[in-house]
Amino acid sequence: MSQTIKAGYRIMSPNLTDYDSLYHSFNWQNEAVNLEGLPANKGLNIAYEAVDRWAKGDDAQRIALRWIRKDRSYQDYTFSGLQQLSARFANILTTLGIMKGDRVFSLTGRIPELYIAALGTLKTTAVFCPLFSVFGPEPVFQRLSRGDAKVLITTSALFEKKIKPLMERLPALRYILLTDGSLPLDARVLSLPRLMEEAGKDFLIPPTDPEDPALLHFTSGTTGMPKGALHVHKAVLMHYVTGKYVLDFHKGDVFWCTADPGWVTGTSYGILAPLVCGVTNLIDEEEFDAMRWYSLLEEHQVNVWYTSPTAIRRLMRMDILPMKQFTLQPLRLICSVGEPLHGDAVLWGEKAFGMPILDNWWQTETGGIMIANYRSMKVKPGSMGKPLPGIEAAVAEITKDGVQIISEPGKQGQLVLKSGWPSMFRNYLHDEERYAQCFQNGWYITGDLAKTDADGYYWFVGRADDIIKTSGHMVGPFEVETALMEHVAVAEAAVIGKPDPLIGELVKAFIVLKRGIRGDENMKQEMIGFSRKKLGPAVAPKEIDFINELPKTKSGKILRRLLRARELGLPEGDISTLEKSG
Ligand code: ATP
Ligand code: MG
């Protein structure tokens, strides 16, 4: 905790120069004036802020999206081009009778049609819901039916494989638009290219109330059945503010967010925030590949890169020296989200890229980054950073009497956020009761545990559901995992509580060893000894299993509940988001 990295690496003055002073003077109204609003005071629409306002003026010919195909050739879309394409898509929906609030889904890889459909849907005030294309038919069915999908955009291949068998079970799904079909298959399955050709290129965005629903996102399903979180057009203010202060967008920047739009990061930051801030957004159609990623950073002169701890860990395991092998001078900021970023990964950033990797924390429900490290602020490796200006966060104990804020540093509790920020989710799909339970005394209860330190930095402890109660201690798996990861032989670790008649739960660790290292009894004893020294006997794991791979969600999060269920021989629960479940 005591280690710090000095601020100010890499030139180019950051937008946020003094955290404390901005935090204290911040006011949402002052930031809202940087958005334009619909002409003639007709409200606030995300797509207008992302595309149309740039397409009107000097920025019309700037590159909004650069789409890199699997074969590495690429195609650019200017703000003006994107305005016309999204307008055509909006006209298609209108002609098909899609109304305000209706749900439009996508199930595609990262292809331009997905981005055009997202923006076009937002223009009409229908609600957009992108699905991750690797979901199997059942998870797709669950989401389409729970989400009352009226329109689905997909490819012919995905249609044949996943949608066709579901057609009869989805009577409310009125239209399927095939991105690569040249002719309609029937009255329900239409050709998107054909419709785009026929549609007009002008579309007048209807009046949009900032509280009108805009996006539906399903959570990752790490702790249970994925929940559908509903977001509104006002979220665009958060996209703007976090783009400016966390991702530090400057005019002329090239930005790359590696998340798929099927997860909230891939929409809020993989589509919207860069466009809202007027910077060029890179989209890679291909999945993770270390050499490809480094060479894309080089070739496209990426300035700001947003990725995940899972990807960073994979890069760390390879013998590649990015700064030696690639020219990465333009890169000035790397951020990470989705899971805890251990201190060693932050420091690896220094070695590999000449800058620490900046962790930030948020959830599907929050719609945007809530706690972050900033370029101008000292980094404490392993900490999530400090609340975004405009966001009030706290650590609290939740009792029958409500939310009791814990002000002493070092004491862990529930991470809570003062409700009312612009991108706060406005409901859980079909589950208002659960939504209501997330709020108490004006605070949103995140379900994560955290603590602060004397300097006001936040430290992730674990998910409330994953907390282990052992011999009267509350142990966060993150703390134990972090200690284990410090052992040179450990590549990854996940820790669970296993019921024990004597001590409540015993701490059990699942460890993936680095390549070439054998997980035998000696190694087990070595690990137990090592962690006892670091953590003390009460917290150190008492049982260790070596496994080849940790079960993870498709978005890269460790599924501790699955390790626990398997360990105890219990039902596995919803595994629709499990990496290998297809
Ligand atoms: P579900 O709610 O369905 O169980 P999920 O919580 O994993 O799934 P997301 O909304 O995608 O779904 O993920 C948000 C969660 O990811 C956070 O609540 C937190 O537990 C974890 N997370 C995100 N960023 C960080 C971070 N920087 N450090 C630690 N944990 C993080
Ligand atoms: Mg969650």
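This is a predicted model, so every value here is computed, not measured.

Asks: Give me the overall build of the protein: which residues, what numbers.
Replies: Per the secondary structure count, the protein includes 18 helices and 28 strands. Taken along the three principal axes of its C-alpha coordinates, the protein extends 70 × 55 × 55 Å. Taking all 582 residues of the protein together, 62% fall into the buried category. Intrachain contacts of the protein at a sequence separation of at least 6 include 69% that bridge at least 24 residues. Total accessible area computed for the protein in this model is approximately 23,000 Å², and 51% of it derives from carbon and sulfur atoms. For the protein, the distance from the average site of its 67 positive side-chain charges to the average site of its 68 negative ones is 2 Å.

Asks: Summarise the site of ligand 1; cite the residues concerned and give the values.
Replies: Around ligand 1 there are 20 residues in total, and Thr219, Ser220, Thr222, Thr223 and Thr364 lie nearest to it. A distance of 3.5 Å separates a nitrogen atom of ligand 1 from a polar backbone atom of Pro340. Separating an oxygen atom of ligand 1 from a side-chain N or O atom of Thr364 is a distance of 2.5 Å. Surface burial for ligand 1 is 96%, taken as the share of its 630 Å² of free accessible area covered by protein chains. Going through the elements one at a time, strand E14 (358-361) and strand E23 (458-463) are the ones with two or more residues in the shell around ligand 1.

Asks: A description of the domain arrangement of the protein should follow, citing residues and the corresponding values.
Replies: Much of the literature gives interface size as the accessible area that the parts lose upon coming together. You can read the domains of the protein as domain 1 (43-315) and domain 2 (468-568). On a C-alpha basis, the centroid separation for the pair domain 1 and domain 2 is 38 Å. On the domain 2 side, the residues contacting the eleven residues of domain 1 number twelve residues. On the domain 1 side of the contact with domain 2, Thr222, Thr310 and Arg313 bury the most area, a combined 51% of that side's loss. One can count zero salt bridges joining domain 1 with domain 2.

Asks: I'd love a proper account of empty space enclosed by the protein, names of residues and values included.
Replies: Tallied over the full model, the rule gives five cavities of 30 Å³ or more. Roughly 140 Å³ of volume is contained in the largest cavity. Forming the boundary of the largest cavity are 13 residues, of which Arg313, Glu339, His342, Glu492 and Ile558 lie nearest the centre. If you list the elements that add at least two residues to the lining of the largest cavity, you get helix H12 (309-316), helix H16 (477-485) and strand E26 (490-500). For the lining of the largest cavity, a count of residues per class yields five nonpolar, two polar and six charged. Two domains each donate at least three residues to the lining of the largest cavity, and these are domain 1 (43-315) and domain 2 (468-568). What lines the second largest cavity is simply Pro130, Leu131, Phe132, Phe135, Arg143, His217, Phe218, Gly262 and Trp263.

Asks: How would you summarise unusual backbone geometry if you had to cite specific residues and measurements?
Replies: The phi torsion at Asn41 lies on the positive side, around 55 degrees, for a residue other than glycine. Inspection of the secondary structure puts Asn41 in the loop between helix H2 (28-32) and helix H3 (46-55). Of the residues examined, Asn41 reaches a relative accessible area of 79% and is grouped as exposed. Positioned with a positive phi, Gln301 is a non-glycine residue whose angle comes to about 50 degrees. Summarising the element assignment, Gln301 is placed in the loop between helix H11 (290-299) and strand E12 (304-307). Accessibility expressed as a relative area gives 49% for Gln301, which makes it partly exposed.

Asks: Could you give an account of the nonpolar core, naming the residues involved and the relevant values?
Replies: Residues Leu177, Leu275, Trp305, Tyr306 and Phe353 are the most contacted members of the largest nonpolar core, which totals 132 residues. Within the second largest apolar cluster, 27 residues are counted, among which are Leu131, Leu152, Leu173 and Leu230.

Asks: Give a detailed account of the side chain of Lys554, specifying residues and quantitative values.
Replies: When you line up the elements, Lys554 lands in the loop between strand E28 (543-546) and helix H18 (560-568). Buried charged residue Lys554 carries no salt bridge. Nearest counter-charge: Glu579, at 6.2 Å. Polar side-chain contacts of Lys554 include one of 2.9 Å to the backbone oxygen of Leu578.

Asks: Any chance you could break down the packing of aromatic side chains for me, citing the residues and the numbers?
Replies: Evaluation of the coordinates by the stated rule reveals 27 aromatic pairs. Where Tyr294 meets Phe353, the ring centres are 6.1 Å apart and the plane angle is 40 degrees; that geometry is what we call tilted. Taken together, the residues span a long stretch of sequence, with Tyr294 in helix H11 and Phe353 in helix H14 (residues 343-353) at a distance of 59 residues. Just as Tyr294 is buried, Phe353 falls in that class too. On the numbers, 5.5 Å between centres and 70 degrees between planes, the contact of Phe425 with Tyr444 is edge-to-face. With Phe425 in the loop between strand E19 (413-418) and strand E20 (427-428) and Tyr444 in strand E22 (residues 443-452), this pair connects stretches of sequence that are 19 residues apart. Each member of the pair, Phe425 as well as Tyr444, is classed as buried. Cluster of aromatic residues (ring-pair linked, three or more members): Trp256, Phe288, Trp293, Tyr294, Trp305, Phe326, Trp348 and Phe353. When the ring centre of Trp54 is taken as reference, the NZ or CZ atom of Arg62 above it lies at 6.0 Å.

About the criteria used
- Residues numbered from 1 in each chain as written.
- Chains lettered and ligands numbered in written order.
- Predicted model: local features only at pLDDT ≥ 70, side-chain atom pairs only at ≥ 80, totals over all residues.
- Heavy atoms only, no water.
- Helix = DSSP H or I, 4+ residues; strand = E, 2+ residues; numbered from the N terminus.
- Buried < 20%, exposed > 50% of the residue type's maximum accessible area, 1.4 Å probe, protein only.
- Contact = heavy atoms within 4.5 Å.
- Areas by Shrake-Rupley, 256 points an atom, 1.4 Å probe, with all protein chains shown as cover.
- Lys, Arg positive; Asp, Glu negative; His and termini not counted.
- Charge placed at Lys NZ, Arg CZ, Asp CG, Glu CD.
- Near = heavy atom within 4 Å.
- Polar contact = N/O pair within 3.5 Å; in protein donor to acceptor, adjacent residues only side chain to side chain.
- Domains from an automatic or database assignment.
- Buried area = accessible area lost by both parts, 1.4 Å probe.
- Salt bridge = Lys/Arg side-chain N within 4 Å of Asp/Glu carboxyl O.
- 1 Å grid on protein atoms, 1.4 Å probe; cavity = no way out; pocket = protein on both sides within 12 Å on 5 of 7 lines; lining within 4 Å.
- Points joined across faces, edges and corners; volume = space filled by probe spheres on them.
- Nonpolar A, V, L, I, M, F, W, Y, C, P; charged D, E, K, R; others polar.
- Core = buried A, V, L, I, M, F, W, Y, C linked by side-chain atoms within 4.5 Å.
- Phe/Tyr/Trp six-rings, centres within 6.5 Å; stacked < 30°, edge-to-face > 60°.
- Lys NZ or Arg CZ within 6 Å of the ring centre and 35° of its normal.

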